[in-house]
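Below are the chains, spelled out letter by letter.
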Amino acid sequence: MSKDTTITEIVLDFHNVKTQSYRTFYCDGVFGALTPSGKVYLDLYLERLPIPKSVRMKLTEGENGSTETEELSREGKEGVIREMECGLIFDIPTALKIRDFLDQKIKEFQDRAVNL
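Presented here is an overview of the structure given in this document.

Cut-offs used in this document
- Residues numbered from 1 in each chain as written.
- Predicted model: local features only at pLDDT ≥ 70, side-chain atom pairs only at ≥ 80, totals over all residues.
- Heavy atoms only, no water.
- Pairing = 2+ DSSP bridges.
- Helix = DSSP H or I, 4+ residues; strand = E, 2+ residues; numbered from the N terminus.
- Axes fitted to C-alpha atoms, helices over the stretch in contact; angles between N-to-C directions.
- Contact = heavy atoms within 4.5 Å.
- Salt bridge = Lys/Arg side-chain N within 4 Å of Asp/Glu carboxyl O.
- Buried < 20%, exposed > 50% of the residue type's maximum accessible area, 1.4 Å probe, protein only.
- Patch = residues over 30% accessible without salt bridge, like charges linked within 9 Å, V, L, I, M, F, W, Y side chains within 5 Å.
- Areas by Shrake-Rupley, 256 points an atom, 1.4 Å probe, with all protein chains shown as cover.
- 1 Å grid on protein atoms, 1.4 Å probe; cavity = no way out; pocket = protein on both sides within 12 Å on 5 of 7 lines; lining within 4 Å.
- Points joined across faces, edges and corners; volume = space filled by probe spheres on them.
- Nonpolar A, V, L, I, M, F, W, Y, C, P; charged D, E, K, R; others polar.

**Overview of the sheet that holds strand 1 (residues 29–34)**
The strand order across the open sheet formed by three strands is 1-2-5, and the pairing between neighbours is antiparallel. At either end of the open sheet lies a strand with only one pairing partner, and these are strand 1 and strand 5 (81–90). Each adjacent strand pair in this sheet contributes to an overall mean axis angle of 20 degrees, direction not counted. Taken together, the nine bridges between strand 2 (residues 40–48) and strand 5 define a ladder with antiparallel strand orientation. Considered in strand 5, the bridge of Leu 44 is made with Cys 86. Lying on the sheet, helix 1 (residues 92–114) is in contact with strand 2 and strand 5; it crosses strand 5 at an angle near 120 degrees.

**Some details on the environment of Thr 5**
Note on placement: Thr 5 falls in the segment before strand 1. Sequence-wise, Thr 5 and Glu 108 are 103 residues apart; in three dimensions their C-alpha atoms are separated by 36 Å.

**Let's talk about the environment of Gly 38**
Inspection of the secondary structure assignment puts Gly 38 in the loop between strand 1 and strand 2. Spatially, the C-alpha atoms of Gly 38 and Ile 92 are 8.0 Å apart, while their sequence positions differ by 54 residues.

**Thoughts on the pattern of salt bridges**
Once the charged atoms of two side chains with opposite charge are near each other, the side chains can pair. One pass over the structure, following the stated rule, counts eight salt bridges. Residue Glu 85 pairs with Arg 23 through a salt bridge whose shortest N-O separation is 3.8 Å. Of the two residues, Glu 85 sits in strand 5 while Arg 23 sits in the segment before strand 1, which places them 62 residues apart along the sequence. The exposure class assigned to Arg 23 is exposed, which follows from its relative accessible area of 52%. Measuring nitrogen to oxygen at the nearest pair gives 2.7 Å for the salt bridge that ties Arg 82 to Glu 47. Residue Arg 82 is found in strand 5, and its partner Glu 47 is found in strand 2; the two are separated by 35 residues along the sequence. Its relative accessible area of 36% is what places Glu 47 among the partly exposed residues.

**Observations concerning a nonpolar patch on the surface**
On the surface, Ile 98, Phe 101, Leu 102 and Ile 106 cluster together into a nonpolar patch covering about 360 Å² of accessible area. Looking at the element boundaries, Phe 101 is found in helix 1.

**Considering the layout of surface pockets**
The volume enclosed by the largest pocket comes to roughly 170 Å³. As for the largest pocket, its lining consists of Leu 42, Leu 88, Phe 90, Ile 98, Phe 101 and Leu 102. For the lining of the largest pocket, the elements supplying multiple residues, two or more each, are strand 5 and helix 1. Considering every element that reaches the lining of the largest pocket, the biggest residue donor is helix 1, with three residues. Taken together, the residues that form the lining of the largest pocket break down as six nonpolar, no polar and no charged.

All we've got here are geometric facts, nothing functional implied.
Following this line, the structure appears as structure tokens:
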């Protein structure tokens, strides 16, 4: 008996098209978990200091027409803001592809950094 070792090859062209809602996000980190159905859920976020709700300023007009400002008080949140930019949901095979992609890019960066 002989085994059938025929390999079928198909060549496909993949065309990358950006939707109207496509955006580029800066990412400082990720927060996530597994969903009850076993998918991976990630929130990508950026970190920043809070924007004041209001600022009380003292304005003083100088002799030469210039204006000097002095902040008297500010109202707003303390700490660090984490803005959740977008959420991603994918299955484990896709998570493995993303991991492999990131591993490859990290290696490329490390190899390039050694040659600098």
